[in-house]
Structures are given as C-alpha cells and as structure tokens.
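The chain contents come next:
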Amino acid sequence: MTDIPQIVGRLLQALLPLLLALACGALLLLLLERDPVSFYATIIERGLLSRLGLQESLTRSAPLLLLAAGLIVAFRAGLWNLGVDGQFLLAAVITAALAPGLAATLPPWLALPLAMLAAFAVAALWAALPAFLKARYGVNEIITTLMMTFLGISLANLLIKLPFNDPATTSPQTLTLATADRLPRLLGSTVHLGLVIALLALLLVHWAMTRTALGLRLRILGANPLTARHVGLPVTGLTFLAFGLSAGLAGLAGAVEILGVWGTVRADWNPAYGMLVIPLVFLARFHGGAVIFFVFVFAVLSIGGETAARRADLPNYFLLVLVALILVFLALTEWLSARPLMRKRG
Amino acid sequence: MESLLTTPFLTALLAGSLAAGLPLLLAGLGEQMSEKAGVLNIGLEGMMLLGAYCGFLGAWSSGSLWLGFLCGMLGGLALALPMMLLCVWLGLNQIVVGIALTLSAEGLTALLHHVQFSQSYPRLPRVDTLPLPLLSEIPVLGTALFDRHPLVYLAILAVPLLAWLYRSSLLGLNLQAAGDRPAALDAAGISVIATRSLAVLFTGAMAGLGGAYLATVGAGLFVPFMTSGAGFIAIVLAMLGRGRPLWVLLGALLFGLCLSLTTALQVAGLRVPTDLVQMLPFAAVMLLLLFFGRRAALPAALTRPYRRGER
Amino acid sequence: MKLGLPLPALTGALTGALFLAGLAIAPAFAQDSEVNHIAVLTPEQPNDFGWNQQAAKAARAVGEALSIDVTLASGLGYGDVRPTLRELAAEGADLLIAHASGYNTTAPEIAEETGVPVAIVDRPDLMQPGLVADYTLSGHEGAYLAGVLATQMSRSATLGIVVSGEPPSWNSQSAAFAQGARASDPDIELRYSVIGPAAYADAAGARRVTDAVIAAGADVIFGQGNGSTFGILQAVETNDAPDGGKIWFIDVIGDKSSIDGGHLLSSVVWNLEPVYRAMIEDLGKGTFGTRGYSIRLEDESLYLLQSEHIPAEVWERVMEVREQIVAGEITVEPKFEAEAVRALMTAVSD
Amino acid sequence: MSAQHQGKAPPLIRFEQVTKRYPGVLANDAITLDLHAGEIHALLGENGAGKSTLIALLSGMQQPDAGRLLIDGQAVRFSSPRAALQAGIGTVYQHSALVPSLTVLENLMLGRRWWQGRRQSATRRRFTALCNDLGVRLPADALLSSLSLGERQMVEIVKALWEGRRLLILDEASAMLTSAAVSDLQRSLTRLAAKGMAILFVTHKLPEALAFGDRVSILRAGRLVASRSAADLHRRGAEQAQSEIISLMFDAPSTATAAPAPPPSFQEKAPVLRVQGLRAACGEQEPQLDGIDFSLSAGEILGVAGIDGNGQRQLAEALAGQRTTLAGRIELGGEAVQAKSVPQRMKRGLRYLTDDRLGEGSLPAFPISLNLLLKRVGDAPFWRQGVEQPREIEAYAQQTISAHNIRAPGPHTPLGSLSGGNVQKLLLARELEGQPRVVIYNKPTYGLDFQTQQLAQEAIRRQAASGVAALLISPDLDEILALSHRVAVMAEGRIVGIVNNGPDARQTVGRLVVGGTA
C-alpha cells in the first residue's frame, strides 16, 4: 500500500508545484532587482530552521489546522461552508469576553475548556441559520454563509465596542486574559497547547470521516443528496450536524487563537484565515494528512516570508503573489495527476 | 435637522448611493452571467481590484476617463483569462482558482502602487457629468440621478439589455443551458467551453469596469485594497438575483442607500453605531430568506466543470 | 491511503518537529543599558504621509543623529506581530517601538518574555519601569488650533470632519477641533461623519462621504484617515463650496505639501523625533518606563503646518491661541471616546 | 418502402473500417456499415457491445482512431456535434439532451448560432409541422421539466429532426415508453422513412428491432457480427429469426426464445402489505398521488402498468418512506408504517429497488463494497460502535460479488466503472439481502442487456416463489404480464383499476391505460 515509489511520487507531486511557484516568484524577484536565492533562504532559515521561527510557524498552524478540520467536515458532506471567517471571529469574541471571568473564578483546567466549549457552541449556533435554510428550503449555502460572515464580522465589532468593551483601554477591545491564565506552553517553548488540540482534532476528524459510520453518512450526503434520501439518511439532521461541527471547529480555532496567543480581541480585527485555508483544504482533497502538510508549508511561508520581505526591503504584498502562485500550481498539478483517471472513466 | 434637508445634501446622498452601488452593479451583472453559465467566479474581488488599478492608470496617464474604463476592462479581462483557462478549459476547482486570483491581484496592485504612486499619490481632476435633458430638471432626484457621468447611464441601461439578452436571445438560451445542462448544449452543437469562456470574460470585463469606475469616478485615485470586499458583496448580489439583472440593480442600490444612510445619520448628529447600519442589508436579506424562504434556484451545474461524455 | 499523502509519515514528522520546538527554550536576552539598535514596527508601509511615515521618518532621524541602528518592520498589518517582535528581540534590538494601538497588548507580553524594553501607544496603564513605556499620541492641542483656523477660513460657517474610523487618537483630535471651532465662533455648524467601521483604505467611500459633508454646507474639511485620506483630498479638490469658492482641507499627522493640489490649508503635524529621542535617553539613564511621552505644541513635537494659503492675519490669530495654550491660559482636555466626540457635533435637536 | 436498396444507390452514410479505442477497451473494431436513405436500420447489441461509441462517432461527439466515414461517397470528419448536425445527422440520446429549465420551444431553438435570433413564429410553425409529421401533440410553451418522460422523448425526436433531416439516430428511444407509445413511435418513424430519411434505431429489445427495422445489424464486443435484411429474416419466420439473432448477440445457443408461460393463478392469503387511501407529498410538476388502495399477499407479484410518469415513481417512493405520507395508511404485516423512516421500514422487510440506479441508487465514485452496504451503514458486523470493520466489509463484498456473479475486478473498484448490467446485479443483491417481505421493483430491467434482463426477472420469480411479495413497476407490459399475478394500472397519480392476470388481461389493461389518460 505504501511502497517507496508511490511515496516518492506523492512527495514529488506536492513539491513540484511548490518549486514551480517559487521559480515564478524568483523571476518576479529578479524583476524587482532582488536576490531570489537569499530571499528563499531567509524564508527557510527563519520559518523552518531557526528555533524561534519554527516555534512561530507551529503556533501559526494551530488555528489554521482547526479551521481546516472544520472545512473537511463540511466539504466532505458537500456543504460549502464559506463562512468560517465569521464563525471564527464571533467565537473569538465570545471566548475573549468569557475567559477572564472564568479564569478568575474557576481553576484553569475547567475555565479554559469551558471557554472553548462556549466558542464551539456560539459558532455552531451561528451556522444554524444557513443549515436551516439549506435543509428546509434548499437555499444555497454559499450565499448564506458568505452573508453570515459579513453579519458576523459586524456583530463581533458591535459586541466589542458595546457590551464587552474593556473600559481601561482607549481603543475598543475586550478584557485581556492574563498571560499566566492562557493555554499552557509546550515544554518551555512559545508553542501553546492549542497546537496539540488542533492536531488531535484534525486527525480525529480525518479518522471519523474516513473510518466511521457517521463519516460515511456525511460522505454519502456529500456525494449525492438524492442517494442520502434514498438510503434513508436523516438529511436534515446530518445537514445541521455537519454545519454545527464545521462551524464549531472554526469557533474552536478562534478560541484557541485567543486563549493561546492573544488573550483579547480588538475591534476591527479579522485575520481572514478562512480565505487561505479553504483553497488548501480543496487542494489536499479533504485529506487530513495532506492538510497538515499544506498548512505547515503555508505557516512557514508566512512566518519566514515576513522576515525575507523585510530584509529584501520589499513590501509584504509580495507574499500574497507568492501564495497565489503556489495555489495555482498546486491546482494545476492536481489536475494533471487526476487526468488519466478521468480518461479511463470517460 | 431642517437645515440639513437641503437640496444639495439630499442630492449628495442620493448621488452617493448611486456612486457606492454602481461598482457593485457592474461587477454583480458580470458575475451573474458567469453564474448563469455555470461558473462561480470567486475571483471577482481581484478582478475589480486589478480593474481599479488599470482603470486609474489608464485614465491618469492618458487624461481620458473613457480610456481609463477601457484599461479597467482590460485589467479585469487579464485576470478573467487565467480563470477561463484554468477553470473552463482545464476544469480546475473554481473556488481555489478564484481565491488565488484575488490574492494575486491584491498583491500585485499593492506592489505596483508601492513602486509607482506611493510617493506622489496622483489624483484625477473633476469628472464631467452629462445632464440628461428634462430629467435632470427634476428637483433633487434630477441632479442626483440624471446629472451623472455617462457610464452611470450605460450601466443602468445594461440592466434591461441583459434582461432582454437572457429572456429573448439565443445567447441567453445558450448561457442558461451551459449552466443548467451543459451536455444538452453540447449535443445541440454549441460549444459549452466557448459559451462559458465568453461568460467568464464578460464577467472579467464588467468587474474590471466596476473597479475602474470605483477608482476613477468614485475615488479619483488608487490605493491598495481599495475594493475592500465589494467583490464578495457583488457575488452575493448576483446569486440573490437568481439570474435576473433587475434584482442585481435593486440590490446594489439598496446597498448604496444603506451606506448613504450611515453618512446621513451621522451628519445629522444621530449616534447610531456604524457597524449596525452596515449590517442592515444583509440582515434584511437573511430575514427575507428565513420568512419567505424559497428555493434559491442556482444553475444545476454551477461550479462543475464540463467534460464531454460525463453525465 | 487512497487519497493524497501518507498520513502516518507526516504525523510522525510533525510530532518530531513539535518536540524539537519544545526543546528549544527561548533564550533570555541580556539587558544592556547602552542603546545601539532600535526597531520600529508599523502596520502599514511608511509612505502614507501620515501615521506610518512619521514614525519611520522620526526613527531614521534619531538613528542618524545618535548613530544607532534602526530596523524598520513595516506593513505588518493588524494581525499577530509576536513573531516579528520575538525575532527583532533575538536580533539584538535594545528597544522595540510598537507603533500601533493594535500592538499594545502584545508588545508588553513579549517584553516580559524576552526582557527587551518596548514602547507602546495608547496604554499608559501598562507601563513598567525598565520594560514598557507608553507614548499616547494625541494632537488635540494642534487640532484645537486647526479648529480655530478653520473657523476663520470658513465662509459658510460650516465645518466638516471626516474620519476613517474611530480610534482614540482620531477622537481626541475631532473633539479638540470642534472645541477650537466653537471657541472661535459658538454658532459654527459642525458636520461629522465616519466613513465606515474600518474604512482605512476605502478611498472611494471617503470621497463619497466627503461629498455629502460638503453638500451639507461644509467648506473646510478636517480629515483623518490612512489611504482613505486621499479620497477626502480628492473630494475637496473636485467639489465647489456652496458659494462656488474653494474648499479647504486640513490634514493630520503628516505633511502632504509635496502632493498638494492647491487645497491643503494646513495639517496638525506630529513630530515623533523628540519622543523617540527621549525614550532612548531614558533607557540610558535607567528611567525608561517611568513616564509617558506625548506630543505638545510647547516643544514643537506638535505644530500646525503653515501653508501659503493661510492669510497672514489669520495665521497671527492662530498663533495667539497657540501662545495661550502653551502658557496654560487655555487647556484642551483630550476626549478619547467616540460618544464624547459625537456629543460635540451639531445635533439633530438643534 | 422497405429495403429496396440492394447496394446500387451509394449509401447515405458508410462506415469504413472504423476503429475507436479507449484506454483498455477496443470499443469499435474495424466496423463497416452502410446506412441508406428511406431505410430503418436497427442496431442491436448487448450493453458494452459498442453501440454508444458508434453513435458518438456518427454524431461528432468522438472521432475515429482509424477508418473513414463517408457521406454520399465523400469522406468526412466530424470534429464536433455541430459538424454532424450540419451534415443532416440528428441524434436522440439515451440520456436527455434537453434543458429542463427552458420551454419546449426554447429547447428547440438551442443550437442555432447566437446571431440568428429566436425567430419565434417560424420556430413555432416548424414545430407544429414536425409534430404533425410525427403524429403527436406537444405543448410548445410549457417548461420542459413539466412534461412527462414520454412527452420529453417526443420533444427529443422533434429536436433531432430539426436539423438532422437526412439521418435520425435513436439511442434506446423506446426504453422509457409504454407499448402504446412505442407503436406510435414506430408509426412516426415509418412515416419519416417514407419521406426518404435514414433512421438508425439502436436498441437491445429484439422484438422491437425485428418489428421496426428494414435491416438489422448486430454488434458484439465492438465488432459488427451480422447484418440482415428484414425481408430475409421474415422469410425464415419470427421464431427462427429470434433465436438466430440471440445466438449472434450472445454467442450462445438461445434458450430463452419462447415467451415465458403465464404465472400460476395466485391464492389469496392474508395480505402482508395493505395500502389504504394513501396520499403523499408531491411536487408542483409531479402527478399528485392520491387515494391509493391495494393489498399484497406473501408470494404475490402485483404489476403496476401505465404510461411512465403517472405516479408510479411517487408511489414507490411513498411506500419506501422517501416521501411524506399526507393521508391514509400503509400497513406492513399488520403494523402501520406510514410514519416510519426509510431504514425502519427496511428493517421490517420493505425493500425498494430504484429505477434511478446511478442517480440515487448508488454512488459511482464509491467502491463496490460500500455501495453494497449503503442502506446498512452503521450496522454490525460491518461497523462496531460506529467504527468501520474493513475486513468484514471486504469479505462480505467479495462473497456477494461471487455469489451474484458480478463482473468486477474487486471489492474496492469504484462502482462507476461497472457496466449497467453489473450495477443492477449489485443493487438487486443489496435489496434482496436478508429477509425481505415486500420488494418494490421499479423498472427492474430497464436499459439492461438481454442476459441481465433474464437474470433480474428470474430473481423476481424466485423471490416470489419463496414467499416475498412484490410490486413490479414497469413500462413494459410484456414484462408485467409475464411475471405478475395481478396488474394495477396507474393514471394521473391514481390506481384506475386492478386486473387479474390471464388471457384477457392484456386487452383489459390496455384499455385502462388508454382510458386513464384520456
């Protein structure tokens, strides 16, 4: 099942588009009169090889992995939840609002999980409306989840500015969770426990989707809703469940980011991680392991790239172009590798 | 308050609604065509942004607004071309490519702006309007709506034109078939790929034009990320329009009106949180869907690449 | 594996990496009272003729004057800057200037973690001797003068304030502008509008909102924004005042004279050079973190830009008021809340 | 005007040594075939014999790898469907080539160049004329999705005739039609042939081929194995012609030439399924299922006849639990089940073999093993505590594959790569597994090759003999009469009559079918 040539082939399939994208990026760098070799060397050195950078890359991966886990659930169930950014943000705000109070009254082993649970619940609830509209009227969830994102971002800001505002700060933000009360760090590094939670959640989701009855039911729904109806699956229930789990995991991503890193949410903060994770999850073909790889590559790129751009005296915007190139080339190679299969079927 | 209910202020608000709604209208009309043909264009934001950059560059360097519009359309097309190539011809995932194109446009335009304009911030001179005879004489409404740049009239004219195209032309039939049952179109001897390509290119041109309008007539200058999410709003408007251009127009105007309302309330001294007013249009639509929820019928083959011989 | 990459192998590799990371305990940095290297972090590129550019300009000037190294990390956005802060600390910076209110929760935490002193904005309550200093920048004194100037220049007795958001430093200047204007003419009309909740780059929105404010009678616009400021400028340049005359624009923080199209009346300019210089001196003396820094008319860290469009007698009147503020005859209280700002504007009930 | 071309006039179309390969398959192997104007040419072949490929080559969907296509003696190359249309070749595909969201008239306009305009009135005139030619009546301005399957089929033919004025290809055109509609079709086609058109009638129904065709050609495994003129076949008598053709098609001496004997009359026992006053939720464009009463005893086969699209599908779905019951009762073994879910009804022994095998019955991209267990997801021993047991699943699949003679490389093969016949064998195996009490068969043999048809019918008989009650829905009256004890006739969502099978049944049922639609 996992013979050497196959592994080499897969690795090549993942690395080749990266190399091609980097080559295109190198051309662009040359046009901008920068040295591509030192640029890329800095990315690797800073994002992957330096102790500090590696820790940062791993920390950055945590929320992305949880978002990806949520997207895998929805996408495998055929539900295009494009509203993860709104779910993430709203859950982050709720976490930030609740955590300081919980930490003050409860022991940390209870306070932090409770905050996460609340975040999960709030995000899941936020997705209930698109789930209802999808299940009841068949309203396309791409529209509704996108709209809920716009709404969620505005609502999150309102919450920060009005009920959850920390009166001590001049610019609107929630109360801050003390550093000591945040998620514990791993073995004295700056990486927090959220990474372990995220990895476990992603692997669990992958296992559940591929190896359990529930996962198969969701995949049947995703493959063909008519079949789901025919074989008697509770389509409405599954739709709610998939939306709930997907959004809940996105909410957990928000919670982990707040409890592990930020401790607070400021008004108008929106990292929009979802827009980056969505294509990565597609390109990984909803496979947990491949998602881990892509997310980590992206995290290294964003951590190392910031430094590389600074050292090359380039605006960070250059990294956007690089990420776009990688996505396009990944999509292209995926297409090339899927082509023979298409032909056989046709 | 009475002191505020002046003709110039009301005019400015109405004109502001129109100005805010027009880029959404243009991009939304474009998006609607490719959605009709079965291609979900998530790269709309990027096409608008590149259109804004090219449109401004064209108008600024040539001194002609119309040349700017043309450049904006070309800018949008330049991004629609890879979309067509990757998604229509090769059948790659439309969401992945769309997001990638938006990212690349954001990065590229910001980079170019950094290199070119970040020291000088050039701005365009005042834009000439074309008052429509008689109509522009109507108090308030006249100047607000009928004393605008000619592109405004053209954009609004595009609404019945597209409606006619969809309802009464063969091209409209082809587009609908390409989105609903591409195999049927193919069997009838019309190329699905060509039809969808046309739609995607049209989308690119319209989004580019919308962006160009935003940068030239709207702002009179280019700054990075200046579309700030308008593309995604236009996607939602196009989908809610269910294939009818008039609905896109109404949606775009409603949206513009809400933005103007925010301004009006504030200038009037009312203390309404801006976040709340910004939520209004989406909240209204969600409530509408909830209480009058009907199947928001989207083309059956939306986001599905077409390959001959597959069912 | 039927899809994608071999899962166990990857998981193994990742867990390995995790342990490696765990072993790497963040090294403590030795503290050195001599300042050889400072780093400035700004959210956007330092070419906005405003907030980011002024910080970069001041840091460079200080670096040159005191011959110390200056690292400029710009365009970091409003996301997580911990990686950059940690990296700059590890690279040996003796002072990290986190030049955005968005960084003021993060930076003290990293200071604690690495032992490298940081300077933050807008959070005086977080100051720690030797570690965290605050420089809450408010140009309210200058904005008060701008209000005086605007009132003198307005023919319609209506002033406009257009802002791209409602951060505290914007609010205090909006409020002071209104106070200055009211002090010169109690009957002056004030039109206030926010472009959007986070419309820092929304130039088209800025243009549209400014159009409306002008249509509401304003012929002097006090504008505060980042990229969107250029939209305000554009509106000012392409509209006529109700009386057919020119509309004036009063800018904040930076000096846009080099790109003026004939409408830039003035600007409340912030000069951060004295601020940064004081920080470095305090670090050397060991008094860093014991006091906050601000910009004031008194030491020219804050001043009103004198453009050629200001008639001499008007400028004289403004300078009189400046003297009164410096002398303490007039005190301008900063108001940081959006609510307080709105309360000062011409209300509906009027 | 049959078969008068003894090769003198040049053929309208000639296939000359045409070969087409797909990866791993030689779909058409050096086929040489002539099609003449004024002739109905029946093309027979099992599924996978190469019929679809031959049509794809003729209609411009595919291009040959070797060999030539000649029209009027001139070599041509169709690079696209349009090229074929321009050469006058119109095709009615097995899968609908119409757009459901357009009206009939709009569907007919589809395919014209966009600058040509809609020409509404001219189109309408032409439509009426063609309908007259075919002897049918169709609503021009109705949305296609509101038409019955039979009507849609006629629209397909009208559409094919629109430009294909020289050769009309019908791919399994009669598959969805009732026998009355089939004879209408035959009449229409004869009329067209009389006007000088060439018609290629592709089917795997032998009697139809013999009845329709002026010439019958037989494909097997990509090769043309025989081509006989109808006159030649008739000379030898129907019986012999049939057995000869069957042996050509299957390369085996025919054993199934004789029509099956009518079933033994059925002794009424206590009903295992009772339906009373059933009304079910139906869409706006569907027949409204209402007032359904019938009962079914153990071992009984109740045929459901009627023109396709008169509520048969809705009935099956309502019984299976896929549709909400609005009124009435469904009793299974004395227990009311109308409020029970699909799996609950299934556990009580109610099974439903759908006619939409790939659309809802299975997941082509999933492996065979999971498709076999689609209706038992989560059940032991294949799942324990919700966790998949791959060994159990594989073993079960392996065993089912060999027990039901399903031709497949292995349990992990995606179902989509199987032939239609093997898919149906798999679905039959899935539905009949365990202890079924009542099985609803919806078009169990539709679109299958001869051998699988026989196999499916045999399975239905065997099940009935072992005491399983069956509801047999089929548009093929012959099949119903050959298998059922009683026949219910459906029209417009109601059962208009139930007839005991016997010598007079055909006529009575026929009358009910026609009367019901009037």
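Structure first, text after, so check above.
No experiment lies behind these values; they were computed from the predicted model shown.

Chemist: Help me understand the packing of helix α3 (residues 51-76) of chain A against helix α13 (residues 288-311) of chain A in this model?
Modeler: If you want to describe how two helices pack, look at the angle between their axes and the distance between the axes. Residue and element names in this part refer to chain A. Interaxial distance between α3 and α13 falls to 8 Å at its minimum, and their mutual angle equals 140°. It follows that α3 is oblique to α13 by the angle criterion. Relative to α13, the crossing made by α3 is right-handed. Contacts between α3 and α13 pair G53, L54, E56, S57, L58, R60, S61, L64, L65, A68 and I72 from the former with G288, V291, I292, V295, F296, F298, A299, V300, S302 and I303 from the latter. Taken together, the residues of the contact of α3 with α13 sort by class into 14 nonpolar, 5 polar and 2 charged.

Chemist: Looking at this model, I keep getting lost on the interface of chain A and chain C. Mind explaining?
Modeler: A common way to report how large an interface is uses the accessible area buried once the components associate. The partner chain C presents 51 residues to the 56 residues of chain A that form the contact. Here chain A meets chain C over a buried area of about 4,600 Å², counting both sides, of which 60% is carbon and sulfur. At the boundary of chain A and chain C, one finds 7 salt bridges. R311 of chain A serves as the salt-bridge partner of E87 of chain C, at 3.3 Å between the closest nitrogen and oxygen. There are 14 residue pairs in polar contact (both at pLDDT 80 or more) connecting chain A and chain C. Within the residue set of the side of chain A that touches chain C, elements represented by two or more residues are α1 (4-31), α3, α8 (194-211), α11 (235-262) and α13 of chain A. Residues that form the side of chain A that touches chain C fall into these classes: 23 nonpolar, 17 polar and 16 charged.

Chemist: Could you clarify how one ought to interpret the arrangement of the chains in this entry?
Modeler: Among the 5 pairs of chains that make contact, the interface with the largest number of contacts is formed by chains A and C. As for chain D relative to chain C, no contact occurs, and the smallest C-alpha gap between them is 10 Å.

Chemist: Can you walk me through the nonpolar core in this structure?
Modeler: Considering soluble globular proteins, one finds that nonpolar side chains tend to be buried as a cluster. By size, the foremost hydrophobic cluster in this structure holds 320 residues, and its most contacted members are F39 of chain A, M226 of chain B together with F127, L168 and L189 of chain D. If sequence neighbours within four positions are ignored, F127 of chain D has contacts with V104, L105, L108, L138, A140, V158 and W162 of chain D. Formed by 70 residues, the second largest nonpolar core is a distinct cluster that contains Y144, A176, L304 and I310 of chain C.

Chemist: How should I be thinking about helix α3 (residues 82-90) of chain C in this particular structure?
Modeler: Since the α-helix packs 3.6 residues into each turn, any two residues three or four apart lie on the same face. All names here are of chain C. The buried count for α3 comes to 8 of 9 residues, which makes it a mostly enclosed element. Listed in full, the buried residues belonging to α3 are R82, P83, T84, L85, R86, E87, L88 and A89. Backbone geometry just after α3 places G92 at a positive phi near 100°.

Chemist: Explain a nonpolar patch on the surface to me, please; I cannot follow it from the model alone.
Modeler: Together, W109, L110, L114 and L117 of chain A make up a nonpolar patch on the protein surface, roughly 430 Å² of accessible area in all. Among the structural elements, L110 of chain A can be located in helix α5 (residues 108-126).

The rules behind the values
Residues numbered from 1 in each chain as written. Chains lettered and ligands numbered in written order. Predicted model: local features only at pLDDT ≥ 70, side-chain atom pairs only at ≥ 80, totals over all residues. Heavy atoms only, no water. Axes fitted to C-alpha atoms, helices over the stretch in contact; angles between N-to-C directions. Helix = DSSP H or I, 4+ residues; strand = E, 2+ residues; numbered from the N terminus. Parallel < 35°, antiparallel > 145°, perpendicular 65-115°, else oblique. Left-handed = near helix turned anticlockwise from the far one by under 90°. Contact = heavy atoms within 4.5 Å. Nonpolar A, V, L, I, M, F, W, Y, C, P; charged D, E, K, R; others polar. Buried area = accessible area lost by both parts, 1.4 Å probe. Salt bridge = Lys/Arg side-chain N within 4 Å of Asp/Glu carboxyl O. Polar contact = N/O pair within 3.5 Å; in protein donor to acceptor, adjacent residues only side chain to side chain. Core = buried A, V, L, I, M, F, W, Y, C linked by side-chain atoms within 4.5 Å. Buried < 20%, exposed > 50% of the residue type's maximum accessible area, 1.4 Å probe, protein only. Patch = residues over 30% accessible without salt bridge, like charges linked within 9 Å, V, L, I, M, F, W, Y side chains within 5 Å. Areas by Shrake-Rupley, 256 points an atom, 1.4 Å probe, with all protein chains shown as cover.

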